[in-house]
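Residue-level structure breakdown
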Amino acid sequence: MNLYVRYFDQEILVSDVDDAINFLAGIDEIGMNPVLEKDIRDYVASDVLYPKRYKTRPRVYFILIKTEAATMQDFKDKKAVHPADGQNGKGTATAVMKLNEERYGWYEGSIDFKRVQQVPGTGKFQYRDTHFAARLKAASGQDCYNRIVDHLSQRVDSRSQFPSAKGKNFKFQFLGLCK
């Protein structure tokens, strides 16, 4: 695992945390101290793959990025990018593919949405988290979502808010073919 370090236009790709600390110690504005050095060593030793940025003064940072890139050019060409979700970067793509997969039959879909309801006594309106589930015939997961939202939008206040079909607040399951 290599480490990319950047402060404005000064950058380096190193394979050792000591080289990174020596690079940062050579920049006067950063002010390397034992606390900062320990924090950098802890970050490099951890399993965290997210970039880490350190504030040197208001609105000025330097950044550390863990990478598998062997050279600076490989890093710049993004040849060693870490997968976002631990599944070779295909987790979101497969969810969208499942949503759009044409498969006519029975689906069970559930949606959590913000429903506008009037508060008794005050006459004011508020959003309430509402869960809705239905079994229906559809051509795909996306079609299932569209049918549920169409059904609900005819029966609830027009100010109600529905989540995206791609989000965690909509779930669907293919139950089987229509007979």
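Residues numbered from 1 in each chain as written. Predicted model: local features only at pLDDT ≥ 70, side-chain atom pairs only at ≥ 80, totals over all residues. Heavy atoms only, no water.

1. A few points about the nonpolar core
Inclusion rule: Put simply, a nonpolar core is a bunch of buried Ala, Val, Leu, Ile, Met, Phe, Trp, Tyr and Cys residues held in one set by side-chain atoms that sit within 4.5 Å of each other. With a 1.4 Å probe rolled over the protein chains alone, any residue whose accessible area is under 20% of its type maximum counts as buried; one over 50% counts as exposed, and the rest are partly exposed. For the purposes of this entry, the term helix denotes a DSSP run of H or I that reaches at least four residues, the term strand denotes a run of E that reaches at least two, and both are numbered from the N terminus. Every residue pair with non-hydrogen atoms within 4.5 Å of one another is taken to be in contact.
One finds Leu 24, Ile 40, Phe 62 and Leu 64 to be the most contacted residues of the largest nonpolar core, which totals 18 residues. Counting residues per element, this core draws most heavily on helix H1 (residues 17-25), which supplies 5 residues. The residues contacting Leu 24, other than those within four sequence positions of it, are Val 5, Ile 30, Met 32, Ile 40, Phe 62 and Leu 64. Core analysis: the second largest hydrophobic core is formed by 14 residues, Leu 99, Cys 144, Val 149 and Ala 165 among them.

2. Comments concerning the pattern of salt bridges
Short version of the rule: By convention in these notes, a salt bridge is any Lys or Arg side-chain nitrogen within 4 Å of a carboxyl oxygen on Asp or Glu.
With the rule as written, the count across this model stands at 9 salt bridges. Between Arg 41 and Glu 37 there is a salt bridge; the shortest N-O distance is 3.1 Å. Note that Arg 41 and Glu 37 are positioned in helix H2 (residues 34-45) at a spacing of 4 residues, about one turn of the helix. Exposure remark for Arg 41: the relative accessible area of 31% places this residue in the partly exposed category.

3. Observations regarding the side chain of Thr 67
Relative to the helices and strands, Thr 67 resides in strand S4 (residues 60-67). Its relative accessible area of 2% is what places Thr 67 among the buried residues.

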